[in-house]
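Structural characterization, general
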2 protein chains.
Amino acid sequence: MKKAISIDIGGTNTKIALVNEEGQILNKSVFSTWKGNSKNAFFDHLFSGINELVSPESFHQIIGIGIDAPSCVPSEGIIKGASNLPLKGEVPIVDILAIKYKKAVFLCNDANAAALGEGKFGNAHGLKNYAVITLGTGLGAGIIVNGNVMTGYSGLSGELGHIIAVKNGRQCGCGRKGCLETYISATGVKRNFLAQLAEGQVKSTLEDLPISEITTEKIGKAAKNGDIPSLKAFEIGGRILGEHLANYVHLFEPEAIILAGGLADVGEILFTPTINALFENLLPNYIDTIQVLPSALGANEAALLGASTLVFNKKETCHQP
Amino acid sequence: MKKAISIDIGGTNTKIALVNEEGQILNKSVFSTWKGNSKNAFFDHLFSGINELVSPESFHQIIGIGIDAPSCVPSEGIIKGASNLPLKGEVPIVDILAIKYKKAVFLCNDANAAALGEGKFGNAHGLKNYAVITLGTGLGAGIIVNGNVMTGYSGLSGELGHIIAVKNGRQCGCGRKGCLETYISATGVKRNFLAQLAEGQVKSTLEDLPISEITTEKIGKAAKNGDIPSLKAFEIGGRILGEHLANYVHLFEPEAIILAGGLADVGEILFTPTINALFENLLPNYIDTIQVLPSALGANEAALLGASTLVFNKKETCHQP
């Protein structure tokens, strides 16, 4: 039976999986992306991880290797300018793996991989126009147009997190102001929470914590227990997300929007204001078509499974053989 | 030699052309879309226009008919809910023409046709990711993704004019507030001009005209003669357009944006603020890729030629045989 090796390179962990055509993960391993804190150490851990998953005698069943990573240029097969990886400069990861393993190697950015995974095995199954919004430290989007990943000219499309949501708004790490991800992402929701304490007069149960220890998980938990500033932090973030998803719907007319990533796990505290703001801002034409769904796979599995579809589908877009 | 009949149905005029594969318009006629003010009168004028362009003995050279119109559903071959056409309700225009002429008939919305025309014969020639922004009474966008027209789920994508540009901003004809086209379109620029007179203290040379007679052509002419409120009307519109085109670039990573339509004919008075605001709001990654260009064909010719490409290309998207 045909199998693929999937590699999901993240800012914290790198996951490796052996996947079959049905999307079953047969075996899996994880290592800390920063372990050893160098490019050489990263590849040492990657190679030994692969070797542990696939024995030499079963290596002939592997038809290819699919990789997803942030900050990559799929058309050139390289990881480039990745500030949150120990892979500085330009790293020709496709060539490195293709030469080492003599297999076809495919590369895709992480949000696009998540979109492919949800399309093949998750909540977007059978849909041709949809987006997976990844709500993590930042905000990304994998966008499928007419059944294919939208990559743009060189693989830099889908930067929904850097849409200007508030003119002259919050300072973003990208150097500009008011980017959507400064309001809705793990860091954005924490900023919403602090802004609530700055502006409001309502106390929070989190006020005894050092600010550095306040996370969106804690804000989410407090919100579920009725903490007003925490609830507002998600409500403000959700509403601003919904308003901008309405703009996205007017441009793309998709069938579904999937909210994935750690932040989406909080559930209806985020989904309700997002969906309300989305529908309040839609022209009637779009209302019957669009649905907002959670991820069926979880953000990490979605990307890992999506990377395997690169191998099985050998799609023109989103890869570098 | 293979020829196509192109039909560009507009809110004012309907144009019919006989086009060859090189994009040459061999013969052309125009009638007022509202002449007779009924669906039957419209089709009578359309049929007689076609019959005048193509003699019975040369009809065998026609390989198909391409139509573009506002408010159409290409996947169903119908014009639907067209408030600015004498074609109320659902009009199965593809079937009507296919039955009458026994030819393949293709349908596409007007902005998408303009984008196809610019791609085949105009300033987007050879590009795979670009948009044609049509600046007329409203603001439309034909968006090409990876070489194909983006239609969305049912042909309703590309509504750039209804992106919310200013929260709780100007009332839009669509029922919502702050849509981009209330600031940048023929009506939008006139509203910018009136807002300048409301807010500013600078006199305009157009103040002796009845408000109903003030058009964007007159505002454009006054602007070229140094009229401050007129210049500001274009500057404000151009800047807000540029800011939102920056968002579009972050989502799509296109190679070019073509500004077409009557309003774009004013030239640098509009292009300069648009381009400045676009580049001020772009992340550095995109700056080398993107260019902003005028239409090479003019909005009307672009759509008419684009409709002919539907016939010659027989593309899956954007048609109904």
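Structure shown above.
In this report, the structure presented in the accompanying data block is examined. (Residues numbered from 1 in each chain as written. Chains lettered and ligands numbered in written order. Predicted model: local features only at pLDDT ≥ 70, side-chain atom pairs only at ≥ 80, totals over all residues. Heavy atoms only, no water.)

1. Observations concerning the overall build of chain A
- Check the secondary structure of chain A and you find nine helices and 13 strands.
- Against the 2.2 N^0.38 benchmark of 20 Å for 321 residues, chain A shows a C-alpha radius of gyration of 20 Å, consistent with a compact globule.
- The long-range share in chain A, meaning contacts at least 24 apart out of those at least 6 apart in sequence, stands at 63%.
- For chain A, the computed accessible surface area is about 12,900 Å², with 50% contributed by carbon and sulfur atoms.
- Positive and negative side-chain charges in chain A, numbering 27 and 30 respectively, have mean positions lying 4 Å apart. (Helix = DSSP H or I, 4+ residues; strand = E, 2+ residues; numbered from the N terminus. Rg over C-alpha atoms; globule rule 2.2 N^0.38 Å. Contact = heavy atoms within 4.5 Å. Areas by Shrake-Rupley, 256 points an atom, 1.4 Å probe, with all protein chains shown as cover. Lys, Arg positive; Asp, Glu negative; His and termini not counted. Charge placed at Lys NZ, Arg CZ, Asp CG, Glu CD.)

2. Here's the deal with the interface of chain A and chain B
- Every contact between the two is made by 35 residues of chain A and, on the other side, 35 residues of chain B.
- Summing both sides of the interface, chain A and chain B together bury roughly 3,100 Å²; the carbon and sulfur share of this comes to 61%.
- When residues of chain A are sorted by the area they lose upon contact with chain B, Y153(A), L251(A) and E253(A) head the list and together hold 22% of the total.
- Our enumeration of links across chain A and chain B arrives at two salt bridges.
- The residue K167(B) makes a salt bridge to E243(A) at a minimum N-O spacing of 3.0 Å.
- At the surface where chain A touches chain B, the tally comes to 22 residue pairs in polar contact (both at pLDDT 80 or more).
- Of all the secondary structure elements, the ones that give two or more residues to the side of chain A that touches chain B are strand 10 (139-145), helix 6 (228-252) and helix 8 (284-287) of chain A.
- Here the side of chain A that touches chain B takes five residues from helix 6 of chain A, the largest share from any one element. (Buried area = accessible area lost by both parts, 1.4 Å probe. Salt bridge = Lys/Arg side-chain N within 4 Å of Asp/Glu carboxyl O. Polar contact = N/O pair within 3.5 Å; in protein donor to acceptor, adjacent residues only side chain to side chain.)

3. Quick notes on a nonpolar patch on the surface
- A surface patch of nonpolar side chains, about 220 Å² in accessible area, is lined by V202(A), I228(A) and L231(A).
- Structurally, I228(A) can be placed in helix 6. (Patch = residues over 30% accessible without salt bridge, like charges linked within 9 Å, V, L, I, M, F, W, Y side chains within 5 Å.)

4. Comments concerning empty space enclosed by the protein
Residue and element names in this part refer to chain A.
- Per the counting criterion, the structure on display carries one cavity of 30 Å³ or more.
- Taken as a whole, the largest cavity spans an internal volume of roughly 30 Å³.
- Contributing to the lining of the largest cavity are P74, N109, N112, M150, T151, G155 and S157.
- Of the residues that constitute the lining of the largest cavity, the class distribution is two nonpolar, five polar and no charged. (1 Å grid on protein atoms, 1.4 Å probe; cavity = no way out; pocket = protein on both sides within 12 Å on 5 of 7 lines; lining within 4 Å. Points joined across faces, edges and corners; volume = space filled by probe spheres on them. Nonpolar A, V, L, I, M, F, W, Y, C, P; charged D, E, K, R; others polar.)

5. What to know about the relation of the copies chain A and chain B
- Overlaying chain A with chain B gives an RMSD of 0.0 Å, the required rotation being 180° about an axis along which the chain moves by 0.0 Å. Between the two chains, the operation in question is that of a two-fold axis. Measuring from the rotation axis to each C-alpha of chain A, the shortest distance belongs to V145(A), at 4.0 Å.
- Here 100% of the interface residues in chain A have copies in chain B that are interface residues too; the copies meet face to matching face. (Least-squares fit on C-alpha atoms with pLDDT ≥ 70 in both.)

6. Observations concerning the sheet that holds strand 10 (residues 139-145) of chain B
Residue and element names in this part refer to chain B.
- In space, the five strands of this open sheet follow the order 11-10-9-12-13, with mixed pairing throughout. In this open sheet, the two strands that pair with only one neighbour each are strand 11 (148-149) and strand 13 (291-294).
- Here five bridges tie strand 9 (residues 130-135) to strand 12 (residues 256-260), and the two strands are oriented parallel to one another. Residue pairing for strand 12: A131 is matched across the bridge by I257.
- Lying on the sheet, helix 7 (residues 268-280) is in contact with strand 9, strand 12 and strand 13; it crosses strand 13 at an angle near 165°. (Pairing = 2+ DSSP bridges. Axes fitted to C-alpha atoms, helices over the stretch in contact; angles between N-to-C directions.)

7. Side note on unusual backbone geometry
All names here are of chain A.
- We note that S71 has phi near 50°; this positive angle belongs to a residue other than glycine.
- Along the chain, the position of S71 falls in the loop between strand 4 (62-69) and strand 5 (72-73).
- Notably, K102 is not glycine yet its phi reads approximately 55°, a positive angle.
- Looking at K102, the relative accessible area reads 69%, which means it is exposed. (Buried < 20%, exposed > 50% of the residue type's maximum accessible area, 1.4 Å probe, protein only.)

8. Quick word on the packing of aromatic side chains
- With the rule as written, the count across this model stands at 13 aromatic pairs over all chains.
- Taking 5.6 Å as the distance between ring centres and 20° as the angle between the ring planes, the aromatic pair formed by F59(A) and Y101(A) counts as stacked. A residue pair is termed long-range when its members are at least 10 positions apart, and F59(A) in the loop between helix 1 (39-53) and strand 4 and Y101(A) in helix 2 (residues 93-101) qualify at 42 residues.
- Judged by relative accessible area, Y101(A) falls into the buried class, the value being 9%.
- A connected cluster of aromatic rings, assembled from ring pairs, spans F31(A), F42(A), F43(A), F47(A), F59(A) and Y101(A).
- Just above the ring of Y101(A) sits the side chain of K100(A); from NZ or CZ to the centre is 5.9 Å.
- Above the plane of the ring of F47(B) lies K100(B), whose end atom (NZ or CZ) is 4.6 Å from the centre. (Phe/Tyr/Trp six-rings, centres within 6.5 Å; stacked < 30°, edge-to-face > 60°. Lys NZ or Arg CZ within 6 Å of the ring centre and 35° of its normal.)

9. A closer look at the pattern of salt bridges
Residue and element names in this part refer to chain B.
- Within the structure shown, the criterion is met by twelve salt bridges over all chains.
- In this structure, E90 engages K80 in a salt bridge whose closest nitrogen and oxygen atoms are separated by 3.9 Å. Separated by ten residues along the polypeptide, E90 in strand 7 (residues 90-91) and K80 in strand 6 (residues 78-80) bring together distant segments of the chain.

10. Structural notes on the packing of helix 1 of chain A against helix 2 of chain A
Residue and element names in this part refer to chain A.
- The interhelical angle for the contact between helix 1 and helix 2, taken along N-to-C directions, is 45°, at an axis separation of 13 Å. The orientation of helix 1 with respect to helix 2, classified from their angle, is oblique. Two packed elements cross with a definite hand, and for helix 1 against helix 2 that hand is right-handed. Within the contact between the two elements, helix 1 uses F43, L46, F47, I50 and N51 and helix 2 uses I93, I96, L97, K100 and Y101.
- Its residues placed into classes, the contact of helix 1 with helix 2 shows eight nonpolar, one polar and one charged. (Parallel < 35°, antiparallel > 145°, perpendicular 65-115°, else oblique. Left-handed = near helix turned anticlockwise from the far one by under 90°.)

Geometry only, nothing functional implied.
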